[in-house]
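# Inside the fold
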Amino acid sequence: TQTVSQSDAHVTVFEGDSVELRCNYSYGGSIYLSWYIQHHGHGLQFLLKYYSGNPVVQGVNGFEAEFSKSDSSFHLRKASVHWSDSAVYFCAVGGNTGANTGKLTFGHGTILRVHP
Amino acid sequence: DAGVTQTPRHEVAEKGQTIILKCEPVSGHNDLFWYRQTKIQGLELLSYFRSKSLMEDGGAFKDRFKAEMLNSSFSTLKIQPTEPKDSAVYLCASSTAYAEQFFGPGTRLTVL
């Protein structure tokens, strides 16, 4: 069974601040990890993905995430946020083997609010 | 390129009605997913198709939820009969194998 935990339901920062959104997962097998963003009234949009290699992956709009096998984590970071980054952020784990191939399991999401 | 299209954007149904939600995936994508999104449960996978074959039929959603993919460019999700607890946003997504999923804007369903 795959599980994804996003420990912070809400994060509030000011424009220009740095931010880290946390994600921990559990899964027994070969996986890939992703982050998605959802603005109000829209579907989810892909931000970035880790499968193998360099544990720090770069995404769109200055976002990056770091994979840690020892911590079972895949935290998302941005050095300087903009008010337009206000949205819900979802971490997801996907499997590459067996019955989980191609499917994503999503965390419950973290609402990021950026004050101007 | 057109993204994932979902219709209608909003649907209001009476309890016991049958409703059909529609989805057109990104051209060339082999995988199609239906999700239900609520504040309490988050994103729940309802159905998953690969090359039009049903890979996952949603477990607990099987009895009143039925997704079909008659061709590679169109899928439907039927809920029959609807219940108030089905009120949610229904999202359709498509992808190529192991790649990122592209989501539609969703259909907001309200069951009275």
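Rules behind the numbers
- Residues numbered from 1 in each chain as written.
- Chains lettered and ligands numbered in written order.
- Predicted model: local features only at pLDDT ≥ 70, side-chain atom pairs only at ≥ 80, totals over all residues.
- Heavy atoms only, no water.
- Phe/Tyr/Trp six-rings, centres within 6.5 Å; stacked < 30°, edge-to-face > 60°.
- Helix = DSSP H or I, 4+ residues; strand = E, 2+ residues; numbered from the N terminus.
- Buried < 20%, exposed > 50% of the residue type's maximum accessible area, 1.4 Å probe, protein only.
- Lys NZ or Arg CZ within 6 Å of the ring centre and 35° of its normal.

Moving on: the packing of aromatic side chains. Taken as a whole and assessed by the stated rule, the structure comprises 14 aromatic pairs over all chains. Ring centres of F63 of chain A and Y89 of chain A lie 5.5 Å apart, and the angle between their planes is 45 degrees; this geometry places the pair in the tilted category. Within this pair, whereas F63 of chain A is found in the loop between β7 (56–58) and β8 (64–68), its partner Y89 of chain A is found in strand β10 (residues 87–95), the two being separated by 26 residues in sequence. No difference in accessibility class separates F63 of chain A from Y89 of chain A, as the two residues are buried. Relative to Y35 of chain B, the ring of F106 of chain A has its centre 5.6 Å away and its plane inclined at 85 degrees; by these criteria the two rings are edge-to-face. With F106 of chain A in strand β11 (residues 104–106) and Y35 of chain B in strand β4 (residues 31–38), the pair connects residues from two separate chains. Exposure class is identical for F106 of chain A and Y35 of chain B. Each is buried. Seen from the ring of Y32 of chain A, K49 of chain A lies directly overhead, with NZ or CZ sitting 5.5 Å from the centre.

No statement about biological role is implied by the geometric values presented.
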